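In case you want the letters, here they are:
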Amino acid sequence: MLYFEEALRVLMANKIRTLLTITGLIIGVGAVIAIQVLGSGMSGAVEGLLGGLADNSFFVQPNVQQGDFQKAAMHEKDLADLRIHVANVSDVAPLSFVRQLAHVGHGHSPAVLFAASAERYATTPFAFGGNFTPDQVAARATVCILSYKTYQKLFPDNSDPLGKSLHVANRRYVITGVMAAPRTGVLNANFGGDVAIPYTVYERDWLQGRILFGAAIYVIDQSQMAQTEVAVINELRNLHRNVKGIQYITFDKKTFNQLVGAVFGVLTMIVGLIGAVSLLVAGIGIMNIMLVSVTERTREIGIRKAIGARKGQILAQFFVEALLLCGIGCGIGLALGLAIGYGVNAFAIVKLTGSITALPWLRATLIAVTFATIVTLAFGTYPAYRASNLDPIEALRYE
Amino acid sequence: MNNLTRAIDVRDVTKVYRNGAMEVPALRGVSFVIERGEYVAIMGPSGSGKSTLMNIIGCLDRLTEGSYRLDGTDVSALDDNQLAEIRLKKLGFVFQGFNLLARTDAVKNVALPLFYAGLSARERNSIAGARLADVGLGDRGHHKPQELSGGQQQRVAIARALVNNPAVLLADEPTGNLDSTTSEEIMRLFGDLNAGGRTIIMVTHDEEVASHAKRIIRLRDGLIVSDERSAVAAGTSPR
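Residues numbered from 1 in each chain as written. Chains lettered and ligands numbered in written order. Predicted model: local features only at pLDDT ≥ 70, side-chain atom pairs only at ≥ 80, totals over all residues. Heavy atoms only, no water.

Asker: Whenever I open this one, the environment of Gly66(B) confuses me. Can you help?
Answerer: All names here are of chain B. Note that Gly66 resides in strand E4 (residues 65–70). For Gly66, a relative accessible area of 39% gives the class partly exposed. With 141 residues separating them in the primary sequence, Gly66 and Glu207 have C-alpha atoms 29 Å apart. With sequence-adjacent residues up to four places away left out, Gly66 is seen in contact with Arg11, Asp12 and Val13. (Helix = DSSP H or I, 4+ residues; strand = E, 2+ residues; numbered from the N terminus. Buried < 20%, exposed > 50% of the residue type's maximum accessible area, 1.4 Å probe, protein only. Contact = heavy atoms within 4.5 Å.)

Asker: What is the right way to look at the packing of helix H3 (residues 106–116) of chain B against helix H5 (residues 150–162) of chain B in this model?
Answerer: Two packed helices can be described by the angle between their axes and the distance between those axes. Residue and element names in this part refer to chain B. Two numbers describe how H3 lies on H5: the axes approach to 7 Å, and their chain directions differ by 30°. In terms of orientation, H3 lies roughly parallel with respect to H5. You can see that H3 and H5 cross each other, and the crossing is right-handed. Contacts between H3 and H5 involve Ala106, Asn109, Val110 and Pro113 on the former and, on the latter, Val156, Ala159 and Arg160. (Axes fitted to C-alpha atoms, helices over the stretch in contact; angles between N-to-C directions. Parallel < 35°, antiparallel > 145°, perpendicular 65-115°, else oblique. Left-handed = near helix turned anticlockwise from the far one by under 90°.)

Asker: What should I look at first to understand the sheet that holds strand E8 (residues 199–203) of chain B in this one?
Answerer: Each strand in a sheet pairs with its neighbour through backbone hydrogen bonds, running either in the same direction (parallel) or in the opposite one (antiparallel). Residues and elements named next belong to chain B. Taken in spatial order, the 6 strands make up an open sheet running E6-E7-E8-E3-E9-E10, and their pairing is mixed. At either end of the open sheet lies a strand with only one pairing partner, and these are strand E6 (91–94) and strand E10 (223–229). Ignoring strand direction, the axes of neighbouring strands in this sheet form an average angle of 20°. Set on the sheet, H5 makes contact with E6 and strand E7 (168–172); between it and E6 the angle comes to about 170°. (Pairing = 2+ DSSP bridges.)

Asker: Just checking my understanding: could you explain the interface of chain A and chain B for this structure?
Answerer: Bring the parts together and some accessible area is lost; that lost area is often taken as the interface size. Each partner contributes to the interface: chain A provides 25 residues, whereas chain B provides 23 residues. When chain A packs against chain B, close to 2200 Å² is buried across both sides, 60% of that on carbon and sulfur atoms. Joining chain A to chain B, the criterion identifies 3 salt bridges. A salt bridge links Glu85(B) to Arg310(A); the nearest nitrogen and oxygen atoms lie 3.7 Å apart. Where chain A packs against chain B, one counts 9 residue pairs in polar contact (both at pLDDT 80 or more). Every element with two or more residues in the side of chain A that touches chain B is listed here: helix H1 (2–13), helix H10 (298–307), helix H11 (311–353) and helix H13 (392–397) of chain A. Partitioning the side of chain A that touches chain B into residue classes produces 11 nonpolar, 3 polar and 11 charged. (Buried area = accessible area lost by both parts, 1.4 Å probe. Salt bridge = Lys/Arg side-chain N within 4 Å of Asp/Glu carboxyl O. Polar contact = N/O pair within 3.5 Å; in protein donor to acceptor, adjacent residues only side chain to side chain. Nonpolar A, V, L, I, M, F, W, Y, C, P; charged D, E, K, R; others polar.)

Asker: I tried to follow unusual backbone geometry on my own but got confused; where do I start?
Answerer: Of all residues except glycine, most have a negative phi; of all peptide bonds, most are trans. Of note in this structure, Asn88(A) is not a glycine but carries a positive phi near 70°. Positive phi, normally seen in glycine, also occurs at Cys59(B), with a value near 60°. Along the chain, Cys59(B) falls in the loop between helix H1 (50–57) and E4.

Asker: How should I be thinking about the domain arrangement of chain A in this particular structure?
Answerer: What the domain assignment lists for chain A is domain 1 (2–50 + 257–397) and domain 2 (97–206). Between domain 1 of chain A and domain 2 of chain A, the C-alpha centre-to-centre distance is 53 Å. (Domains from an automatic or database assignment.)

Below you can see the structure in the form of structure tokens.
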């Protein structure tokens, strides 16, 4: 198309001007796209961080901001009570861990040993073996599940670990599962701990009256989660009724996601606003440079009109030029935005959390490009209109 | 002669410019007929109204009163886009300053009216190439205007003016920016074109240039003072 070819020639003849004109576009489009991509990466990261928190469970713990939260500390007996007395609770696992040296044969590695229920890894992929069975938990079977990282440390030859014994202090646990390699994020790996044993075994072997960080509560009916959370808190306050004004807090995936979502929503809005403003400024810049261009090329417009160009054809020429500017700006902005979005995602979010999320580059691009195009057309209309309405005689006389 | 065969038919044309409250008459009732195939020079001192007349004939400007038929079409009542269409299809312009698009090579300059007429790139290039060859620049198609001499640039402009095969070729001081040798060349080209049947109207203040035309219309103060066929007109075109 000749309009396109001519527009390209004009823009190429003024490279620096072109670049300066589209700077605002680049920043605007880049910001909008980057924040969209990052937003999804972040929510994916939250998902990854909360890998330990199943959809049908929530955490409960003393509110550490209260004065004497030591007195509110939860013990094993509280958990036993919750199992029996709160409706809709299928299982209660202590939130507790110990640091120990774990041995397998001659190999050893420091490991974080922690309590887990059978439901904790119900949906986790395994590299070897599988999850605890409810029977194993109930029967206090001395079994354990290793994180992949721990498996690699203890089995540098990558041999089959199933049935092998893991020694921790004077205890012995049979390895029945190794979680699949990750999700390699730093945060994720640490959050998950190294060696999981059934909480029943953990309570017997390691807890010994120690206070708990809290408990993971598993519910039967997820739709009753909120009510169950209230019931658990009430039960705990009842159990600790000798301590005045005691407080517990619960924590489930949904509320956490909402919290992060709200924080990130504000951030998205701010960056989105910056993007929108810079696109607006970019629009004014495009209009300005097009007005200059129309003035500079008055004579050319006169020639074209004398030759027989209709108004619509002059209009089209300047529109194409504006759109080409917009296209170049969007292209560079897109590349920049995606580079920032994907870069931050790859080097920060994925590294830290191991969360790999499908990033919505197409949606982000559509939003940014649509907005940029609308702005360009809105601000490009007046200069193009002015060019198309020049009087050919005046225009031809213009020096 | 039949009205429909007339290239230009101007009757009682006046043109008044408004400058605030002041009315400045540029043309005060001009009538003439130019038949197809004529070669006419319009002459007159500055302020005589010859540029105004040229603009009206060229459909760049509207007359105030009177009537103007171009190639059988009454153009006095047309809107901007219809006038553009007339300029595109029925008129070819040659200017003093060539008025080629810089940064655009000769073929593309010549092809521009074809683009506005809606032809495909392939058709445009082949027709434009042929017209360039007609004016002796077949091998300069890909030169930009600044790479061509003044005479060559004016030839490109002539090729562009003729590319839509217009009824009338309008030239405004076509040799004003050229030296005498090159002017001769351009005048010879005009002579050839006229010999080939082309209607040419040329505005000039140069008697030497005007002498190439077969008819000279002289204006003064917005009126025609003389309209005569020159001596050369009787003979063959100059070679």
